[in-house]
Amino acid sequence: AATPMMQGIIDLHHDILFFLILILVFVSRMLVRVLWHFYYEFHPFPQRIVHGTTIEILRTIFPSIIPMFIAIPSFALLYSMDEVVVDPAITIKAIGHQWYRTYEYSDYNSSDEQSLTFDSYTIPEDDPELGQSRLLEVDNRVVVPAKTHLRMIVTPADVPHSWAVPSSGVKCDAVPGRSNQTSISVKREGVYYGQCSEIRGTNHASTPIVVEAVSLKDYGS
């Protein structure tokens, strides 16, 4: 996990897995007990199990409480994923094209200065350098400061796209005619890879996303 959002997703997964293990153990014990008491070779005359009101109440209440323990953190996580930072340090606009992306650092665009805009193309699978991942590397990475709140504005130039970086817990669809936004805050330096997860024709998975988080002190600012 590179962001608190992805860390929350992982924690929620572990919490749900804990409850699943409890349910698995309880149900498995019930099945084994039934097989033991009603197996004809061990018990030609099956034991008589009397109906009990207490067990009926417990097996109705506990399955109702477990979804509440799952729903409360999941709702909090969903609302936090939709939350957009009011005053982000940097705003980056990602424009999706058919087989490449254009990135624009909107905070540094003005009428009298050249805008900070560049295209990001996939490095062909025959041209990667040593250490680069096949079909996951681009010629121009998105460089962002670590430990800083960022706002991503995602929009397409032609067909539907998606800006998804799994390690950041971000998946934002780009719908023609609309601009969607999301917030990320990378907590550690590193290089994080993603791909377009929108089915929009041939080679749609070969449009990678590479985010490089750097420390501000490396640039003296």
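Just so it is clear, the structure is predicted and the values come from calculations on it, not from any experiment.

### Some remarks on the pattern of salt bridges
Consideration 1: According to the stated counting rule, one finds 4 salt bridges in the structure shown.
Consideration 2: Of the charged contacts in the structure, one is a salt bridge between E212 and R141, with a shortest N-O distance of 3.5 Å. With E212 in strand β10 (residues 208-214) and R141 in the loop between β3 (117-121) and β4 (142-145), the pair connects residues that are 71 residues apart, well separated along the chain.
Consideration 3: When salt bridges with common partners are traced through the structure, they connect E137, R141 and E212 into a single cluster.

### Concerning the side chain of S168
Consideration 1: Summarising the element assignment, S168 is placed in the loop between β6 (161-165) and β7 (170-174).
Consideration 2: Owing to a relative accessible area of 5%, S168 belongs among the buried residues under this scheme.
Consideration 3: Beyond its immediate sequence surroundings of up to four residues, S168 is in contact with A2, T3, M5 and M6.

### What to know about the pairing of β3
Consideration 1: With burial as the criterion, only one face of β3 is covered, namely that bearing F118 and S120; the residues T117, D119 and Y121 on the opposite face remain uncovered.
Consideration 2: Sheet topology note: the strand β2 (residues 100-105)/β3 ladder contains 5 bridges and is antiparallel. Following the sheet pairing, Y103 is matched in β3 by F118.

### A closer look at the packing of aromatic side chains
Consideration 1: One pass over the full model with this rule turns up 5 aromatic pairs.
Consideration 2: One aromatic cluster is present, formed by F18, F19 and F69 through successive ring pairs.

### Comments concerning the packing of helix α1 (residues 4-37) against helix α2 (residues 53-82)
Consideration 1: At a minimum axis separation of 11 Å, α1 and α2 run at an interaxial angle of 170°. Taken together, the axes of α1 and α2 lie roughly antiparallel to each other. Only I66, F69, I70, P73, S74, L77, S80 and M81 of α2 make contact with α1, whose side of the interface consists of M5, G8, I9, L12, I16, F19 and I23.
Consideration 2: For the contact of α1 with α2, the per-class residue count stands at 12 nonpolar, 3 polar and no charged.

### Some words on the layout of surface pockets
Consideration 1: Counted as a void, the second largest pocket has a volume near 350 Å³.
Consideration 2: Every residue lining the second largest pocket is counted, 13 residues in all, and those nearest its centre are I23, F26, F62, P63 and I66.
Consideration 3: Those elements that provide at least two residues to the lining of the second largest pocket are α1 and α2.
Consideration 4: In terms of residues, the lining of the second largest pocket owes the most to one element, α2, which gives 8 residues.

### Examining the UniProt feature "transmembrane region" (unreviewed entry) in the protein chain
Consideration 1: As annotated by UniProt and renumbered to match this structure, "transmembrane region" (unreviewed entry) occupies residues 16-36 and 57-79.
Consideration 2: Secondary structure across residues 16-36 comprises 100% helix and 0% strand; the distance between its end C-alpha atoms is 30 Å.
Consideration 3: The distance from the first to the last C-alpha atom of residues 57-79 is 34 Å, and the span holds 100% helix and 0% strand.

### Quick word on the sheet that holds strand β8 (residues 180-184)
Consideration 1: With mixed pairing, 5 strands are arranged side by side in an open sheet as β3-β2-β1-β5-β8. On the outer flanks of this sheet lie β3 and β8, each paired with one strand and no other. On average, each strand axis in the sheet is tilted by 25° relative to the strand beside it, whichever way the strands run.
Consideration 2: Note: strand β1 (residues 90-96) against β2, 5 bridges, orientation antiparallel. Its bridge partner lying in β2, G96 is registered against R101.

Thresholds, definitions, all that
- Residues numbered from 1 in each chain as written.
- Predicted model: local features only at pLDDT ≥ 70, side-chain atom pairs only at ≥ 80, totals over all residues.
- Heavy atoms only, no water.
- Salt bridge = Lys/Arg side-chain N within 4 Å of Asp/Glu carboxyl O.
- Helix = DSSP H or I, 4+ residues; strand = E, 2+ residues; numbered from the N terminus.
- Buried < 20%, exposed > 50% of the residue type's maximum accessible area, 1.4 Å probe, protein only.
- Contact = heavy atoms within 4.5 Å.
- Pairing = 2+ DSSP bridges.
- Phe/Tyr/Trp six-rings, centres within 6.5 Å; stacked < 30°, edge-to-face > 60°.
- Axes fitted to C-alpha atoms, helices over the stretch in contact; angles between N-to-C directions.
- Parallel < 35°, antiparallel > 145°, perpendicular 65-115°, else oblique.
- Nonpolar A, V, L, I, M, F, W, Y, C, P; charged D, E, K, R; others polar.
- 1 Å grid on protein atoms, 1.4 Å probe; cavity = no way out; pocket = protein on both sides within 12 Å on 5 of 7 lines; lining within 4 Å.
- Points joined across faces, edges and corners; volume = space filled by probe spheres on them.
- UniProt positions renumbered as here; feature names shortened; annotations may be inferred.

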